[in-house]
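Residues per chain, in single letters:
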Amino acid sequence: MKHFYKCLLTVWVLLLAVGLYGQNPNELRLNELLIINTEDFQDDFGVHSAWFEIFNTGYGTVDIGGCYLSNDPDNLKKYTIPRGDVLTKIRPRQHILFWADSKPHRGSFHVNFTLEESEVLILTSGDGTTIIDQVTLPKDLEPNQSYGRAVDGEGTYGVDADNTGWEILPRTSPSTNNFSLDGKSRSDLMKETDPYGWIMALLAMSVVFLALVLLTFVFKGTGKIALNLTQRKADAYGKTRKVSMAETSGEVFAAIATALHMYARENEVHDIETTILTIEQVRRNYSPWSSKGQSMRKTPSARK
Amino acid sequence: MDQIINNLQQFWEYTGFANTTFQHILMICIGIGFIAMGIIKEWEPLLLIPIGFGMIIGNIPLYPGLSVGIYEEGSVLNILHHGVQNGWYPPLIFMGIGAMTDFSSLISNPKLLLIGAAAQFGIFAAYGASLFLGFEPQAAGAIGIIGGADGPTAIFLSSRLAPDLLGAIAVSAYSYMALVPLIQPPIMKLFTTKQERLIKMKPARAVSKTEKIIFPIVGLLLTAFIVPSGLPLLGLLFFGNLLKESGVTRRLAETARGPLIDVVTILIGLTVGVSTQADKFLQVESVLIFGLGAMSFIVATAAGVLFVKVMNLFLKPGNKINPLIGNSGVSAVPDSARVSEIVGLQYDRTNHLLMHAMGPNVAGVIGSAVAAGILLGFLS
């Protein structure tokens, strides 16, 4: 039994770990890069430098501070992204831009290497060993041409990343989506395809019915099982007559309970006699928060 | 002297009297009307009194920039309104509803669940009508949910799909919920024959504790897997119910169905009322929303009643359902079930329909939450 509980606890911890995993930098992806910048996006100093973009694929804010960037597989910790900078927090489904100008003194987002002489770009997590994402830099990139994921965040990633999903992009898009939808929201599409709401009514009513029909069937089944169990219990007590709970309504039980209650009140019986059933409302005028007895259901005891 | 006059003038400009418009007075009168309905007629007083008083608070004419109005960032009312805007309050109310609802009638006769599904047709009829009147799909979805007859669900969905219409939608939903005893009986009588109104239903069987415990867990799994977007409402509804039925979390259940739901009801009612500021509320759109809301209630009630009649075609004589419980598929708990009981007793003093009607009534709560999830999934 103890072994079972250990297994259960392990599974629970693992599930929790998976849940937490979703909130950490592993959601980040290298998303786009530009190696030779002569007339593209400028940094805050008005300089055209190589840049690369990181995208948060998750739906929670991720702080990239403490992670590492590098262009050298043998030195994953080449550039440490400073901790404590509020700007290193990447909001859900948003981007962050780094300048590969080898001028780290210009701020958190200027790394200490360039892309021109590099073969690879690597993003490593705060432990310094786990590669979150990496990309092999293309050799045939024209000046001011960017290379990125065709759809933001999609494609291979991590230590086994092989540039699947990456391509030369038709236009550069620093700090914005590489791929944009056609601008129509789901609501707009609904308006076009279903101007009078017939499709919505049909679909939605079908789903509502489906959900409740499923519940109906499940509880019909559960009801039958419950009745069988009750019957078995009754049989176990050696009753000769078949008892059907289906035939005994809640109203009957309510009537029996009321009769007992009234009988008890009329005769002013109390708890002292062991054979008398007393139904009375328990009133607590004190706060249960101050009562230890209320907060502990069972006194803990060591098992031997 | 000039200084004193200037100061007095300035003071006058700050007062409500100087900034009053006809619309403010009208909204204050509507607020007083709500309070009167709550106190004199006792129609949903727990909702109408906070909403009505909130309307008065919200329509005290203010000099802009004092940081006291509900739409001025950082004001107390604005902070309280966050629970409505961001949809925190409705799921908490659902938790309380779950902790106070006994699903026994539903578990003992699961086919009543289908009535709760049928009554949701009012939502989609109002959705279509709203589109026809020129509302955008998102606004139409938020307006349609009024037909679910569920205030928290209406607030939750409109805060997501059409925040600008939230005040009108919430007030409309709660108003019609309060008017359920007036709206539903004529429709119920219109669509039923005298013979049908006299149908006596088989008493519900007793439900075991195990079944009651299984219900919230299985109910959540089935509904939330089908409509994950309804999770905040469905999750907390079934969680509240598990607190009640587990038997070992009595304190938590008592808090959820007592102090917690009371606190949230006060906050939601008051802030919804305050949000109905004249300049945002008194629009042609609001009038249309009220009209569409009435329509959705009527269609939902009719759909529930007619669906029972259709069901009866397939049921054996002893298992027939009284169509007067069809109205309770709209989830105004427990008012619509009470209407079934009252109308049923008008035709047979011994025919108590209340407990039978509670089945579709709570199914309506689940159904409207599922419908809200679908609308959210399609339109957000």
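The preceding data block contains the structure.
Note that the coordinates shown come from a computational prediction; the quantities given were computed from them, not determined experimentally.

The rules behind the values
Residues numbered from 1 in each chain as written. Chains lettered and ligands numbered in written order. Predicted model: local features only at pLDDT ≥ 70, side-chain atom pairs only at ≥ 80, totals over all residues. Helix = DSSP H or I, 4+ residues; strand = E, 2+ residues; numbered from the N terminus. Buried ≥ 20, exposed ≤ 12 C-beta atoms within 10 Å, placed from the backbone. Contact = placed C-beta atoms within 7 Å. Rg over C-alpha atoms; globule rule 2.2 N^0.38 Å. Pairing = 2+ DSSP bridges. Nonpolar A, V, L, I, M, F, W, Y, C, P; charged D, E, K, R; others polar. Core = buried A, V, L, I, M, F, W, Y, C linked by C-beta atoms within 7 Å. Axes fitted to C-alpha atoms, helices over the stretch in contact; angles between N-to-C directions. Left-handed = near helix turned anticlockwise from the far one by under 90°. Parallel < 35°, antiparallel > 145°, perpendicular 65-115°, else oblique. Expected span 1.5 Å × (residues − 1).

A. Spatial organisation of the overall build of chain A. Check the secondary structure of chain A and you find five helices and 11 strands. Within the span of chain A, comprising 304 residues, buried residues form 24% of the whole. A separation of at least 24 residues holds for 57% of the contacts in chain A among residues at least 6 apart in sequence.

B. Molecular detail of the overall build of chain B. Along its length, chain B carries 21 helices and zero strands. The C-alpha atoms of chain B give 22 Å as radius of gyration, which agrees with the globular expectation for 380 residues (21 Å, within 12%). Taking the principal axes of its C-alpha atoms as reference, chain B extends roughly 90 × 45 × 40 Å. In chain B, 75% of the contacts between residues at least 6 apart in sequence involve partners at least 24 apart.

C. Up close: the environment of Lys244 of chain B. Residue and element names in this part refer to chain B. As for its placement among the helices and strands, Lys244 is situated in helix H16 (residues 231–246). Taking C-alpha positions, Lys244 is 8.4 Å from Thr101, a pair spaced 143 residues apart along the chain. Sequence-distant contacts of Lys244, defined by excluding residues within four places in its chain, comprise Ala99 and Ala253.

D. Geometry of helix H11 (residues 151–161) of chain B. Burial analysis of H11 of chain B places 11 of its 11 residues in the buried class, the great majority of the element. Among the residues of H11 of chain B, those classed as buried are Gly151, Pro152, Thr153, Ala154, Ile155, Phe156, Leu157, Ser158, Ser159, Arg160 and Leu161 of chain B.

E. Geometry of the pairing of strand S7 (residues 95–100) of chain A. Residue and element names in this part refer to chain A. In terms of burial, S7 is largely enclosed, as five of its six residues are buried. Sheet analysis places strand S2 (residues 50–56) next to S7, joined by six bridges and oriented antiparallel. Counted as the bridge partner of Glu53 is Leu97 from S7.

F. Geometry of the interface of chain B and chain A. The partner chain A presents 38 residues to the 42 residues of chain B that form the contact. The set of elements that each furnish at least two residues to the side of chain B that touches chain A consists of helix H7 (104–108), helix H8 (113–118), helix H9 (121–132), helix H10 (137–144), helix H15 (209–226) and helix H21 (354–379) of chain B. Counted by class, the side of chain B that touches chain A contains 27 nonpolar, 10 polar and five charged residues.

G. Representation of the nonpolar core. Formed by 141 residues in total, the largest nonpolar core has its most connected members in Ile143, Ile169 and Leu237 of chain B. Element by element, the count of residues in this core is highest for H21 of chain B, at 16 residues. Here Leu237 of chain B is in contact with Phe94, Met95, Ile97, Gly98, Val365 and Ala369 of chain B, once residues within four sequence places are set aside. Grouped together as the second largest cluster of nonpolar side chains are 35 residues, Ile81, Ile96, Trp99 and Leu121 of chain A included.

H. Inspection of the packing of helix H20 (residues 335–347) of chain B against H21 of chain B at higher detail. Residue and element names in this part refer to chain B. Running from N to C, H20 and H21 cross one another at 145°; their axes reach a closest spacing of 8 Å. Considering the relative orientation of H20 and H21, their crossing is right-handed. For the pair H20 and H21, contact is made by Ser336, Ala337, Arg338, Ser340 and Glu341 and by Leu354, Ala357, Met358 and Asn361, respectively. Taken together, the residues of the contact of H20 with H21 sort by class into four nonpolar, three polar and two charged.

I. Spatial organisation of the pairing of strand S1 (residues 28–34) of chain A. Residues and elements named next belong to chain A. Judged by how many residues are buried, S1 sits mostly within the fold: seven of seven residues are covered. Relative to S2, S1 runs antiparallel, the two sharing six bridges. The residue of S2 that forms the bridge with Leu33 is Phe52. Alignment of S1 against strand S10 (residues 146–149), held across three bridges, turns out to be antiparallel. Bridging across to S10, Leu33 finds its partner in Tyr147.

J. Region of the structure containing the sheet that holds strand S11 (residues 166–168) of chain A. Residues and elements named next belong to chain A. Read from one edge of the open sheet, five strands run S7-S2-S1-S10-S11, paired in antiparallel fashion. Every interior strand has two partners, whereas the edge strands, S7 and S11, have only one. Taking each pair of neighbouring strands and ignoring which way they run, the sheet shows an average axis angle of 25°. Both S10 and S11 contribute to a ladder of three bridges, which runs antiparallel.

K. Representation of the packing of helix H3 (residues 198–236) of chain A against H15 of chain B. Running from N to C, H3 of chain A and H15 of chain B point in directions that differ by 155°, and their axes come no closer than 10 Å. One finds that H3 of chain A runs roughly antiparallel with respect to H15 of chain B. In this structure, H3 of chain A meets H15 of chain B at a crossing whose hand is right-handed. Between H3 of chain A, through Val207, Leu210, Ala211, Leu214, Leu215, Val218, Thr222, Gly223 and Ala226 of chain A, and H15 of chain B, the contact on the second element is made entirely by Thr210, Glu211, Ile214, Val218, Gly219, Leu222, Thr223 and Ile226 of chain B.

L. Up close: unusual backbone geometry. All names here are of chain A. Non-glycine residue Arg93 carries a positive phi angle of around 60°. Relative to the assigned elements, Arg93 resides in the loop between strand S6 (89–90) and S7. Even without being a glycine, Ser102 presents a positive backbone phi close to 55°.

M. Focus on helix H6 (residues 89–100) of chain B. All names here are of chain B. End to end, H6 covers 17 Å across 12 residues, agreeing with the expected 16 Å (1.5 Å per residue, within 8%). Of all the 12 residues making up H6, 11 are buried; the element is thus mostly covered by neighbouring parts of the structure. For H6, the set of buried residues is Tyr89, Pro90, Pro91, Leu92, Ile93, Phe94, Met95, Gly96, Ile97, Gly98 and Ala99. Here the buried face of H6 lies against helix H5 (76–85), H11, H16, helix H17 (250–274) and H21.

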